[in-house]
Amino acid sequence: MDLQIALLLGQDGLVNGAIYGLMALALVLVFSVTRVIFIPQGEFVAFGALSLAMLQQGRVPATLWMLCALSLAVLAVEAWRSSRGTAVNWFAALGWCVALPGLAAAMVLLWKPQGLWAQSLTTLLLIAPLGPLLYRLIYRPLAGATTLMLLIVSVALHLVLVGAGLLFFGAEGSRTPAFSEAQFQLGDINISGQFLVVLGVTALLVLVLFVFFERTMVGKALRAVAVNRVGARLMGIPTDMSGDVSFALAAVIGGISGLLIGPITTIYYDTGFLIGLKGFVAAIVGGLASYPIALAGSLLVGQLESFSSFWASAYKEVLVFTLIIPVLWWRSRNSRHVEDEE
């Protein structure tokens with residue numbers, strides 16, 4: 001290895017680390033608010049990239065039909081809950097089940113977007129409602145379940161979504177066009193425009209999330225739910241709505257990650273699983289609680305994967321996932337047990 005190879009590997013690790021960082025942020029957000037270890041987070045990445053690829057081919061993304069099916073199922077569940085005397089926030093339900101899916105369907109079927117940016121926006125409109133719809137259909141009825149039970153449900157949901165991805169998108173992979181075809185020369189290193197787009201969008205998302213949690217009432221409410229769910233409920237914060245918002249943000253982050261990674265590598269229906277798992281490793285480094293440490297962990301995972309692909313390519317996945325062992329050992333030695341507040 002010489003300096004040029006090391007710089008190339010570092011550049012590749014930085015791009016991968018940025019994507020894993022977005023995954024880690026979404027996982028920490030969902031877990032801190034709902035106690036759900038959201039294993040299917042990677043499916044949002046695959047669905048986003050493959051939906052954009054179908055739009056580029058002039059086809060209707062199969063994600064639209066899944067979105068419509070989930071919307072009808074959630075509406076049926078809400079109607080059943082209302083018939084049983086349970087209070088239902090129909091404004092929020094109609095927003096997630098009718099307004100956003102209707103807007104996405106109108107853009108796909110009527111507007112038929114042309115151009116990469118318009119198609120990317122349409123893709124995000126298709127992906128964003130999937131998060132809250134899955135939360136309302138799968139996780140909200142289990143709000144009182146243990147974390148282990150929620151983890152088992154997440155694994156089952158992951159398998160269902162992978163099967164749906166195979167049914168909707170087929171076994172063939174797809175790539176999407178780069179957002180920037182520019183090329184820059186920095187010494188002996190060639191830097192692509194897409195590399196800068198990935199880093200720029202990641203930094204912008206991190207900044208937006210920071211402002212959202214620090215400066216907005218909704219963000220502060222989510223932080224309150226993450227700190228003490230019972231206390232937040234006593235203060236009048238709707239915890240169910242907090243779950244909707246956290247899953248919607250996770251879906252948007254996953255969709256954006258899919259748009260960013262689509263031009264870099266071929267995406268298959270099950271590609272999101274490994275991406276999500278590596279983001280989970282970064283989130284574990286942050287204790288599923290700290291956003292800055294999770295981001296630092298994602299950069300560590302990206303660099304470890306990149307350099308291990310050079311030194312021991314056959315074992316790069318093993319080396320990345322082995323990182324969990326010392327982190328868990330250290331945390332078990334330096335943390336105290338706290339009883340679940342609920």
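One can find the structure itself at the top, above this paragraph.
Sequence positions are assigned chain by chain, starting from 1 and proceeding in written order. Local features are withheld for residues below a pLDDT of 70 in this predicted model, meaning they are given only at 70 or higher, and side-chain atom pairs are given and counted only at 80 or more; totals for whole chains, interfaces and linings count all residues. Working from all heavy atoms in the structure, the side-chain values ignore hydrogens and water.

*Asks:* Help me out: how do you make sense of the overall build of the chain in this one?
*Replies:* Only DSSP runs of H or I reaching four residues or more are called helices, and only runs of E reaching two or more are called strands; each is numbered from the N terminus. Tallying secondary structure elements over the chain gives 15 helices and two strands in all. For the radius of gyration, the atoms used are the C-alpha atoms, and the globule rule reads 2.2 Å times the number of residues raised to 0.38. Computed over C-alpha atoms, the radius of gyration of the chain comes to 20 Å, within 12% of the 20 Å expected from 2.2 N^0.38 for 342 residues, which places it in the range of a compact globule. Over its C-alpha atoms, taken along the principal directions, the chain stretches across nearly 70 × 55 × 35 Å. Between two residues, a contact is recorded if the distance between any of their heavy atoms is within 4.5 Å. Across the chain, contacts joining residues at least 24 apart in sequence account for 75% of those joining residues at least 6 apart.

*Asks:* How should unusual backbone geometry be read in this particular structure?
*Replies:* Backbone phi values are negative for most residues with the exception of glycine, while trans is the configuration of most peptide bonds. The backbone of Arg35 shows a phi angle near 65°, a positive value even though the residue is not glycine. Along the chain, Arg35 falls in the loop between helix H1 (3-34) and helix H2 (41-56). Judged by its relative accessible area of 17%, Arg35 falls in the buried class. Backbone geometry places Lys112, a non-glycine residue, at a positive phi of 50°. Inspection of the secondary structure puts Lys112 in the loop between helix H4 (90-111) and helix H5 (116-127). By relative accessible area, Lys112 is classed as exposed at 53%. Type-normalised accessible area, obtained with a 1.4 Å probe on protein chains alone, sets the label of each residue: buried when under 20%, exposed when over 50%, and partly exposed for intermediate values.

*Asks:* What's the story with the environment of Asp240 in this structure? I'm lost.
*Replies:* Considering the arrangement of structural elements, one finds Asp240 in helix H11 (residues 239-261). Take Asp240: its relative accessible area is 33%, and that puts it in the partly exposed class. Separated by 79 residues in the primary sequence, Asp240 and Leu319 place their C-alpha atoms 39 Å from one another.

*Asks:* So what exactly am I meant to see when it comes to the layout of surface pockets here?
*Replies:* A water-sized probe, rolled over the atoms, reveals where empty space remains. Each pocket or cavity is described by its volume, and for the second largest pocket that value is around 370 Å³. Looking at the lining of the second largest pocket, the elements with two or more residues in it are H1, helix H12 (271-285) and helix H13 (291-311). Within this scheme a cavity is a closed region of a 1 Å grid, computed over the protein atoms alone, that accommodates a 1.4 Å probe without allowing it to escape, whereas a pocket is open but has protein on both sides within 12 Å along at least five of seven lines; lining residues each have an atom within 4 Å of a point. Grid points are joined across faces, edges and corners, and a volume is the space filled by probe spheres set on the points.

*Asks:* What is the right way to read the pattern of salt bridges from this model?
*Replies:* Pairing is possible between side chains that carry opposite charge, provided their charged atoms lie close to one another. Counted as salt bridges are all cases of a side-chain nitrogen of Lys or Arg within 4 Å of a carboxyl oxygen of Asp or Glu. For the structure shown, the criterion picks out six salt bridges. A salt bridge links Arg136 to Glu78, with the shortest nitrogen-to-oxygen separation between them at 2.5 Å. With Arg136 in helix H6 (residues 130-139) and Glu78 in helix H3 (residues 62-83), the pair connects residues that are 58 residues apart, well separated along the chain. Of the two residues examined, Arg136 and Glu78, each falls in the buried class. One salt bridge in this structure joins Arg223 and Glu214, with 3.6 Å as the shortest N-O distance. Judged by relative accessible area, which is 39%, Arg223 ranks as partly exposed. We classify Glu214 as partly exposed; its relative accessible area is 33%.

*Asks:* Explain the environment of Leu121 to me, please; I cannot follow it from the model alone.
*Replies:* For Leu121, the position within the fold is in helix H5. Residues Leu121 and Leu259, spaced 138 residues apart in sequence, show a C-alpha to C-alpha distance of 10.0 Å.

*Asks:* Is there a simple way to think about the pairing of strand E2 (residues 189-192) in this case?
*Replies:* Consecutive side chains of a regular strand alternate in pointing toward one face of the sheet and then the other. Residues Ile189 and Ile191 of E2 are buried on one face, while the alternating residues Asn190 and Ser192, pointing to the opposite face, are not. A pair of strands is treated as paired once DSSP finds two or more bridges between them. Here four bridges tie strand E1 (residues 183-186) to E2, and the two strands are oriented antiparallel to one another. Pairing of Leu186 across the sheet is with Ile189, part of E2. Where E1 folds back onto E2 in an antiparallel hairpin, the turn is made up of two residues, including Gly187, whose phi is positive at roughly 70°.

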